[in-house]
Amino acid sequence: MADGTDTKSSNQMWGGRFASGPAAIMEEINASIGFDKKLFAQDIRGSIAHATMLAHQGIISTEDKDKIVHGLNTILSEIEAGNFEFSRSLEDIHMNVESRLAALIGPAAGRLHTARSRNDQVALDFRLWVKEELQKCEQALTSLIAAFLDRAEEHADTVMPGFTHLQTAQPVTFGHHCMAYVEMFGRDRSRVRHAIEHMDESPIGAAALAGTGFPIDRHMTAKALGFREPTRNSIDTVSDRDFAIEFLSIAAIAGMHLSRLAEEIVIWSTPQFGFVRLSDAFSTGSSIMPQKKNPDAAELVRAKTGRINGSLVALLTIMKGLPLAYSKDMQEDKEQVFDAAESLELAIAAMTGMVRDMTINAARMKAAAGSGYSTATDLADWLVREAGLPFRDAHHVTGRAVALAESKSCDLAELSLEELQAIHPSITAKLFDVLTVEASVASRKSFGGTAPSEVRKQIAFWRARN
């Protein structure tokens, strides 16, 4: 999308300035209609608001405005019906629409571009598109959060191993683990909402870079297009792509969260773990090994994150060296955002489906929860709480108990009272009340802890705000 301050001539908008048409290679590198046609609805919406404002301000006649609006609505219908022929020689979505408008309504079409440039026009179109995409993301994340809340409520008491370094650490509940992702995706949704607030300003009326001498009403167009207010600096307006970069940043963080979840699903669905079983809807088989059930949907969600990250880095790199105001480099902003938006939307939808459909193997989780001496910390805590030992001393005593259990190839709860008292005489039979995984999770009632009672409190909190 080129600087749009000149007039159309010789089938090229800037033809009056140049004696001959562009070389084939120039047309190839310059045209953006192959991807920016995605902005057709936003372009037409912006043009209708602009024409309406021009008429209201007496800059164009009401008759011309009515012709323009009718023609633009006709073009919208043609595009939506698949009957519109996009022309590469017309470079971009703006000129394709304007050329068709001229064919439909004649000279009145030429008045539409009064008091605007393609610079503020594309800034408007792109900002509208990103805003709408953010709103879709907000809805998708709300659905994913709801899926996790349902699974958390269903499994508030289901015991599983909690991990650090991917090693068994302490027992937790699967409901608590699900709520960790509720927190993650809740932050993503919060970032989406903040981004909508940040970008809720209308660019139209900034013109090429300096504003316009026509008596336009930018607050009128901002309101008509659903923006809070117009932007406040015309130079920044046409050179700003922060809204697109912020969208990609949010997408990259959300993608990272989705990828972490995908990795856990891949691990959990292995026969070695067996914690979950994915439905056939989100799995594939092997062309050679009939026993295989591959978690391809999770793996592809994990891979999509790489594409999103690449889009973010690409746009940051495109923008990092540009002087104010508009530069043609900025034409390369859209494909990155379009691709990332498609990847994120698909990944969230796939993950929501997987979370809702997967079968939880509670028995396998419980069996694994007690492995690796996961209640060792409960032993140490008991020594502090009941025997009055300093925690570092309790830690040392617990280590000796774990070593003894390892040497006997048994769990801590299978050691005899006499064996434990030989390690420290203050140990009593009451210790065995805290060495089960159920007792361990039930005891962790600190705010935000894994106790089922606390998990249910957090579920109630999120249901109220979701």
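It should be emphasised that the depicted structure is a prediction, and the values quoted were computed from it without experimental measurement.

(A) Just the overall build of the protein, in detail. For the protein, the helix and strand inventory stands at 18 helices and six strands. Taken over the C-alpha trace, the protein has a radius of gyration of 31 Å; the compact-globule value for 466 residues is 23 Å, which it surpasses by more than 25%. Over its C-alpha atoms, taken along the principal directions, the protein stretches across nearly 100 × 50 × 40 Å. Counting over 466 residues, the protein shows a buried share of 50%. Of the accessible surface of the protein, which amounts to about 21500 Å², a share of 53% is contributed by carbon and sulfur atoms. Charge centroids of the protein, computed over 49 positive and 60 negative side chains, lie 2 Å from each other.

(B) Layout of the packing of helix α6 (residues 118-154) against helix α10 (residues 242-268). Contact geometry for α6 and α10: axes closest at 10 Å, N-to-C directions at 25°. The angle between α6 and α10 places the two elements in the roughly parallel class. Helix-helix and strand crossings are classified by hand; for α6 and α10 the assignment is left-handed. Contacts between α6 and α10 pair A123, F126, R127, V130, E133, L134, C137, L144 and F148 from the former with F243, A244, F247, I250, L258 and L261 from the latter. In terms of residue class, the contact of α6 with α10 is built from 13 nonpolar, no polar and two charged.

(C) Structural context of a nonpolar patch on the surface. On the surface, I25, M26 and I29 cluster together into a nonpolar patch covering about 340 Å² of accessible area. Tracing the backbone through its elements, the reader meets I25 in helix α1 (residues 24-30). Here I25 falls in the exposed class, since its relative accessible area comes to 65%.

(D) Just the environment of V159, in detail. If you trace the backbone, V159 turns up in strand β1 (residues 159-164). Measuring from C-alpha to C-alpha, the distance between V159 and N309 comes to 35 Å, with 150 residues separating the pair along the chain. Once you skip the residues sitting within four places of it in the chain, V159 turns out to touch P171, V172, T173, A362, M365, K366, A369, V437, E438 and V441.

(E) Region of interest: the packing of aromatic side chains. The final tally for this structure, using the stated rule, is eleven aromatic pairs. Between F148 and Y181, the ring centres sit 5.5 Å apart and the planes meet at 20°, which makes this aromatic pair stacked. Here F148, found in helix α6, pairs with Y181, found in helix α7 (residues 174-198); they are 33 residues apart in sequence, far enough to count as distant. Taking the relative accessible area as the measure of exposure, Y181 reaches 5% and is therefore buried.

(F) The pattern of salt bridges, seen in detail. For the coordinates displayed, the defined rule picks out 31 salt bridges. Of the charged contacts, one joins E153 and R463 as a salt bridge, the two residues approaching to 2.9 Å between their closest N and O atoms. Note that E153 is positioned in helix α6 and R463 in helix α18 (residues 452-465), a separation of 310 residues in sequence. For E263, the salt bridge is made with R302, and the minimal N-O distance between the two is 2.5 Å. Here E263, found in helix α10, pairs with R302, found in helix α11 (residues 296-319); they are 39 residues apart in sequence, far enough to count as distant. Residue E263 is classed as partly exposed on the basis of its relative accessible area of 32%.

What counts, and at which threshold
Residues numbered from 1 in each chain as written. Predicted model: local features only at pLDDT ≥ 70, side-chain atom pairs only at ≥ 80, totals over all residues. Heavy atoms only, no water. Helix = DSSP H or I, 4+ residues; strand = E, 2+ residues; numbered from the N terminus. Rg over C-alpha atoms; globule rule 2.2 N^0.38 Å. Buried < 20%, exposed > 50% of the residue type's maximum accessible area, 1.4 Å probe, protein only. Areas by Shrake-Rupley, 256 points an atom, 1.4 Å probe, with all protein chains shown as cover. Lys, Arg positive; Asp, Glu negative; His and termini not counted. Charge placed at Lys NZ, Arg CZ, Asp CG, Glu CD. Axes fitted to C-alpha atoms, helices over the stretch in contact; angles between N-to-C directions. Parallel < 35°, antiparallel > 145°, perpendicular 65-115°, else oblique. Left-handed = near helix turned anticlockwise from the far one by under 90°. Contact = heavy atoms within 4.5 Å. Nonpolar A, V, L, I, M, F, W, Y, C, P; charged D, E, K, R; others polar. Patch = residues over 30% accessible without salt bridge, like charges linked within 9 Å, V, L, I, M, F, W, Y side chains within 5 Å. Salt bridge = Lys/Arg side-chain N within 4 Å of Asp/Glu carboxyl O. Phe/Tyr/Trp six-rings, centres within 6.5 Å; stacked < 30°, edge-to-face > 60°.

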